[in-house]
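# A closer look at the structure
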Amino acid sequence: MIIVLQRNATQEQMDYIIERVKKLGLTPHVSRGVERTIIGVIGPEDILRVTPLEAFPGVEKVLPVLAPYRLVSREFKAESSIIELGKGVRIGDREIIVMAGPCAIENLEILREIALTIKEKGVRVLRGGAFKPRTSPYSFQGLGKKGLEYLKQVGDELGMVTVTEVMDPRDVELVAGYTDVLQIGARNMQNFNLLREVGATQKPILLKRGMSSTIKEWLMSAEYILSEGNFNVILCERGIRTFEDFTRNTLDVSAVPAVKQLSHLPVIVDPSHAAGKWNLISPLSKAAVAAGCDGLIIEVHTHPEEALSDGAQSLIPERFTKLMEELRVLVKAIDRDI
Ligand code: PEP
Ligand code: MN
């Protein structure tokens, strides 16, 4: 349920409404827009039927939220959310934020080498996995804590925002201590305990779409995080499973405008895990940008042939540079920056 306040509602009126809502055992979430302030109310709404909130001073109207994902929906917040990632980087505004780096952190030298090459091309967000969700238990599982230390060291040295995956609710505190942005991988999109745990932090959360999840399920997972009080969620489309097996997954480009319509949260695209092939990354990145995404996350490696994971989909610096140049031309046509 959404309580829309009158334009001239006073702070006292708002405080009074919030207090009454809390007394009813419901949770209010205030959203201040340019035009209006609205209070989203979460909890069993039947209680509100016997309390005529419309009659309270300062209230213009009370509306039901039709979407099952409430806090995430545009009904709850009409304006697009802009999320601060740290070090002056904000996502959800005009600028398309490119995140890049290796699939996995392999050692300090290679991470630094990759970070330097992408930073030179204007990238301000460095990705790299320390805890890797591998299909096989025999594949490289990531460097764990050591990897987190390398990521933080390189991020600090180069003044870059860092993003890395957390796989286990027990590791959230540890990983949050080393990185600016916490990534929830596709395989963990419905790990509800993990979602609640990252929801209890105020870190920006990059929530990947599960490989077999509908848009609705994905947004419900985001709702878990917001419902814990963390509104700093970035949604990431990374390809879904279809019958097509030429590509690793099928990039659902239509999810970008669909989610932008349904939700106020920023949406980014990961063409690397969608395609699984380096030679599809450039066209898919351009399609994603044209479709209205707020950012990209791309795997880059200086020696992909030796990479410990996902080498086949990683761009070498020369190809990444070319892509960045082409994107700079493209964004002008859609009145955005990069
Ligand atoms: C990754 O970003 O390296 C990764 C494992 O991605 P996903 O969870 O989308 O497969
Ligand atoms: Mn990868």
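Here, the structure is the one placed above.
Below is a short write-up of the structure. In this text the structure is predicted, and so the values were computed from the model without any measurement.

## Re the sheet that holds strand β13 (residues 267–269)
- The strand order β7-β8-β9-β10-β11-β12-β13-β14 describes a closed barrel built from eight strands, whose pairing is parallel. Each neighbouring strand pair of the sheet contributes to a mean axis angle of 25°, computed without reference to strand direction.
- By the bridge criterion, three bridges tie strand β12 (residues 233–237) to β13 in an arrangement that is parallel. Within β13, the residue paired with Cys-236 across the bridge is Ile-268.
- With respect to the sheet, helix α6 (residues 192–199) is in contact with β10 (181–184) and β11 (205–208), its orientation differing from that of β10 by roughly 170°.

## Focus: the environment of Gly-88
- Secondary-structure assignment places Gly-88 in the loop between β5 (83–86) and β6 (89–91).
- The spacing of Gly-88 and Val-41 is 47 residues in sequence and 32 Å in space, taken between C-alpha atoms.

## Brief notes about the packing of helix α7 (residues 215–227) against helix α8 (residues 255–262)
- Across the interface, α7 lies against α8 with an axial gap of 11 Å and an inter-helix angle of 50°. Considering their axes alone, α7 and α8 lie oblique with respect to each other. The element α7 and its partner α8 pack so that their crossing is right-handed. Together, Ile-215, Trp-218 and Leu-219 of α7 and Ala-255, Ala-258, Val-259 and Leu-262 of α8 make up the contact between the two elements.
- Residues that form the contact of α7 with α8 fall into these classes: seven nonpolar, no polar and no charged.

## Things to note about the nonpolar core
- Ranked by size, the top nonpolar core spans 71 residues in total, and within it Leu-207, Val-233, Leu-235 and Phe-320 carry the most contacts.
- Shared between two domains, this core takes at least three residues from each, and those domains are domain 1 (2–63) and domain 2 (83–333).

## Some thoughts on the site of ligand 1
- Near ligand 1 lie 13 residues; those nearest to it are Arg-127, Lys-132, Ala-186, Arg-187 and Arg-238.
- One of the side-chain nitrogen or oxygen atoms of Gln-183 is found 3.0 Å away from an oxygen atom of ligand 1.
- In this structure, His-273 approaches ligand 1 through a side-chain N or O atom, which is 3.2 Å from an oxygen atom.
- A total of 290 Å² of accessible area belongs to ligand 1 in isolation, and the protein chains cover 97% of it.
- A majority-of-atoms criterion places ligand 1 in the largest pocket.
- Residues that form the shell around ligand 1 fall into these classes: three nonpolar, three polar and seven charged.

Cut-offs and rules
- Residues numbered from 1 in each chain as written.
- Chains lettered and ligands numbered in written order.
- Predicted model: local features only at pLDDT ≥ 70, side-chain atom pairs only at ≥ 80, totals over all residues.
- Heavy atoms only, no water.
- Pairing = 2+ DSSP bridges.
- Helix = DSSP H or I, 4+ residues; strand = E, 2+ residues; numbered from the N terminus.
- Axes fitted to C-alpha atoms, helices over the stretch in contact; angles between N-to-C directions.
- Contact = heavy atoms within 4.5 Å.
- Parallel < 35°, antiparallel > 145°, perpendicular 65-115°, else oblique.
- Left-handed = near helix turned anticlockwise from the far one by under 90°.
- Nonpolar A, V, L, I, M, F, W, Y, C, P; charged D, E, K, R; others polar.
- Core = buried A, V, L, I, M, F, W, Y, C linked by side-chain atoms within 4.5 Å.
- Buried < 20%, exposed > 50% of the residue type's maximum accessible area, 1.4 Å probe, protein only.
- Domains from an automatic or database assignment.
- Near = heavy atom within 4 Å.
- Polar contact = N/O pair within 3.5 Å; in protein donor to acceptor, adjacent residues only side chain to side chain.
- Areas by Shrake-Rupley, 256 points an atom, 1.4 Å probe, with all protein chains shown as cover.
- 1 Å grid on protein atoms, 1.4 Å probe; cavity = no way out; pocket = protein on both sides within 12 Å on 5 of 7 lines; lining within 4 Å.
- Sits in = over half its atoms within 2 Å of the grid points.

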